[in-house]
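As a plain string of letters, each chain reads:
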Amino acid sequence: GAAGTAVGSRIKGHVKRGGSKMTQQHRQVCPVGHTNENRTSKICSCCFAPISLSRATRTKDGETKTMRLNGSVECKNPTCPRRKAGRGSMGRDANAANNILISGASILLS
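In the annotation of an unreviewed UniProt entry, the entry for the protein chain reads Transposase, and the organism field reads Linnemannia elongata AG-77.

Visitor: What is the right way to look at helix α3 (residues 92-109) in this model?
Guide: Every α-helix carries 3.6 residues per turn, so stepping three or four residues along brings you back to the same face. For α3, with 18 residues, the first-to-last C-alpha span of 26 Å sits near the 26 Å given by 1.5 Å per residue. Taken residue by residue, α3 has Asn 95, Ala 96, Asn 99 and Gly 104 as its buried positions. Down the axis of α3, the buried side of the element spans an arc of 170°, and every buried residue falls inside it. Residues of α3 that are exposed and angled more than 90 degrees away from the buried face: Asp 93, Leu 101 and Leu 109. Looking at the buried residues of α3, the elements they touch are β1 (51-60), β2 (63-75), α2 (81-84) and β3 (89-91).

Visitor: How should I be thinking about the sheet that holds β1 in this particular structure?
Guide: Whenever strands of a sheet pair, they do so through backbone hydrogen bonds, lying parallel or antiparallel. Here we have three strands laid out as an open sheet, ordered β1-β2-β3, and antiparallel in their pairing. Each edge of the open sheet is held by one strand with a lone partner, namely β1 and β3. Ignoring which end each strand starts from, the neighbouring axes of this sheet average 45° apart. Bridge count between β1 and β2: 10 bridges; the pairing is antiparallel.

Visitor: Can you help me understand the state of the cysteines in this one?
Guide: A disulfide bridge is the covalent bond that connects two cysteines by way of their sulfur atoms. Tallied over the entire structure, the rule returns zero disulfides. There is no disulfide at Cys 47, and the cysteine sulfur nearest it, in Cys 75, is 3.6 Å away.

Reading the values: the criteria
Residues numbered from 1 in each chain as written. Predicted model: local features only at pLDDT ≥ 70, side-chain atom pairs only at ≥ 80, totals over all residues. Heavy atoms only, no water. Helix = DSSP H or I, 4+ residues; strand = E, 2+ residues; numbered from the N terminus. Expected span 1.5 Å × (residues − 1). Buried < 20%, exposed > 50% of the residue type's maximum accessible area, 1.4 Å probe, protein only. Arc of directions from axis to C-beta. Contact = heavy atoms within 4.5 Å. Pairing = 2+ DSSP bridges. Axes fitted to C-alpha atoms, helices over the stretch in contact; angles between N-to-C directions. Disulfide = S-S within 2.5 Å.

Here it is as C-alpha coordinates:
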(Lines give C-alpha, C1' and ligand atoms only; values in the text may rest on other atoms or scores of the structure.)
Protein backbone atom coordinates (compact mmCIF):
# COMPACT_ATOMS: atom_id res chain seq x y z
CA GLY A 1 0.00 0.00 0.00
CA ALA A 2 0.88 3.63 0.35
CA ALA A 3 1.86 3.40 4.03
CA GLY A 4 5.20 5.06 4.72
CA THR A 5 5.21 6.97 1.44
CA ALA A 6 4.34 10.59 0.92
CA VAL A 7 1.35 9.98 -1.33
CA GLY A 8 -0.81 13.10 -1.42
CA SER A 9 1.97 15.43 -0.22
CA ARG A 10 4.40 17.71 -2.04
CA ILE A 11 7.11 15.04 -2.28
CA LYS A 12 4.81 12.66 -4.17
CA GLY A 13 5.65 9.00 -3.76
CA HIS A 14 9.04 9.38 -2.05
CA VAL A 15 9.60 7.40 1.12
CA LYS A 16 9.15 9.50 4.26
CA ARG A 17 12.16 9.43 6.56
CA GLY A 18 11.60 10.82 10.01
CA GLY A 19 9.87 10.38 13.29
CA SER A 20 9.51 6.94 14.78
CA LYS A 21 10.29 4.90 11.63
CA MET A 22 13.74 6.44 11.22
CA THR A 23 14.41 6.24 14.96
CA GLN A 24 13.59 2.52 15.01
CA GLN A 25 15.90 1.88 12.06
CA HIS A 26 18.78 3.78 13.65
CA ARG A 27 18.30 2.11 17.05
CA GLN A 28 19.19 -1.21 15.44
CA VAL A 29 22.80 -0.07 14.96
CA CYS A 30 23.46 2.70 17.51
CA PRO A 31 22.00 4.58 20.49
CA VAL A 32 19.51 7.31 19.55
CA GLY A 33 18.70 10.42 21.56
CA HIS A 34 16.30 13.23 20.77
CA THR A 35 17.20 16.78 21.69
CA ASN A 36 15.21 19.98 21.81
CA GLU A 37 16.52 22.67 19.45
CA ASN A 38 14.72 25.44 21.32
CA ARG A 39 16.95 28.51 21.95
CA THR A 40 20.10 26.83 20.57
CA SER A 41 20.78 29.81 18.30
CA LYS A 42 20.09 32.38 21.04
CA ILE A 43 22.64 31.36 23.72
CA CYS A 44 26.43 31.21 23.73
CA SER A 45 27.76 27.66 23.46
CA CYS A 46 30.62 28.50 25.82
CA CYS A 47 28.98 30.35 28.74
CA PHE A 48 25.22 29.88 27.96
CA ALA A 49 24.56 33.62 28.20
CA PRO A 50 22.26 35.34 25.67
CA ILE A 51 23.90 36.41 22.41
CA SER A 52 23.05 38.99 19.78
CA LEU A 53 23.73 39.45 16.10
CA SER A 54 27.14 40.98 15.44
CA ARG A 55 27.21 44.58 14.26
CA ALA A 56 29.58 46.29 11.87
CA THR A 57 30.20 49.95 11.12
CA ARG A 58 30.14 50.97 7.46
CA THR A 59 31.08 54.37 6.07
CA LYS A 60 29.60 55.42 2.74
CA ASP A 61 29.82 58.94 1.33
CA GLY A 62 31.02 60.27 4.68
CA GLU A 63 28.02 58.81 6.51
CA THR A 64 28.61 56.13 9.13
CA LYS A 65 25.98 53.42 9.61
CA THR A 66 25.83 50.48 11.98
CA MET A 67 24.41 47.33 10.46
CA ARG A 68 23.74 43.79 11.66
CA LEU A 69 25.74 40.88 10.31
CA ASN A 70 23.07 38.19 9.93
CA GLY A 71 25.42 35.19 9.79
CA SER A 72 27.42 36.05 12.90
CA VAL A 73 26.57 36.20 16.60
CA GLU A 74 28.45 37.83 19.43
CA CYS A 75 28.51 36.99 23.13
CA LYS A 76 27.99 40.06 25.30
CA ASN A 77 29.00 38.38 28.57
CA PRO A 78 32.27 40.01 29.73
CA THR A 79 33.27 36.87 31.68
CA CYS A 80 32.78 34.48 28.71
CA PRO A 81 35.95 32.38 28.20
CA ARG A 82 35.62 32.63 24.42
CA ARG A 83 35.31 36.41 24.56
CA LYS A 84 38.30 36.66 26.92
CA ALA A 85 40.33 34.67 24.39
CA GLY A 86 39.46 37.24 21.69
CA ARG A 87 36.91 35.03 19.92
CA GLY A 88 33.67 36.64 21.05
CA SER A 89 31.96 36.36 17.68
CA MET A 90 31.05 33.10 15.97
CA GLY A 91 28.97 31.89 13.06
CA ARG A 92 25.29 31.61 13.99
CA ASP A 93 24.87 28.08 12.60
CA ALA A 94 28.12 26.82 14.15
CA ASN A 95 27.08 28.19 17.55
CA ALA A 96 23.67 26.49 17.30
CA ALA A 97 25.29 23.22 16.19
CA ASN A 98 27.62 23.30 19.21
CA ASN A 99 24.64 23.88 21.53
CA ILE A 100 22.76 20.94 19.97
CA LEU A 101 25.90 18.79 20.36
CA ILE A 102 26.20 19.70 24.05
CA SER A 103 22.49 19.01 24.61
CA GLY A 104 22.63 15.67 22.78
CA ALA A 105 25.80 14.56 24.54
CA SER A 106 24.29 15.34 27.95
CA ILE A 107 21.20 13.29 27.06
CA LEU A 108 23.22 10.28 25.88
CA LEU A 109 25.65 10.41 28.80
CA SER A 110 23.07 10.86 31.55
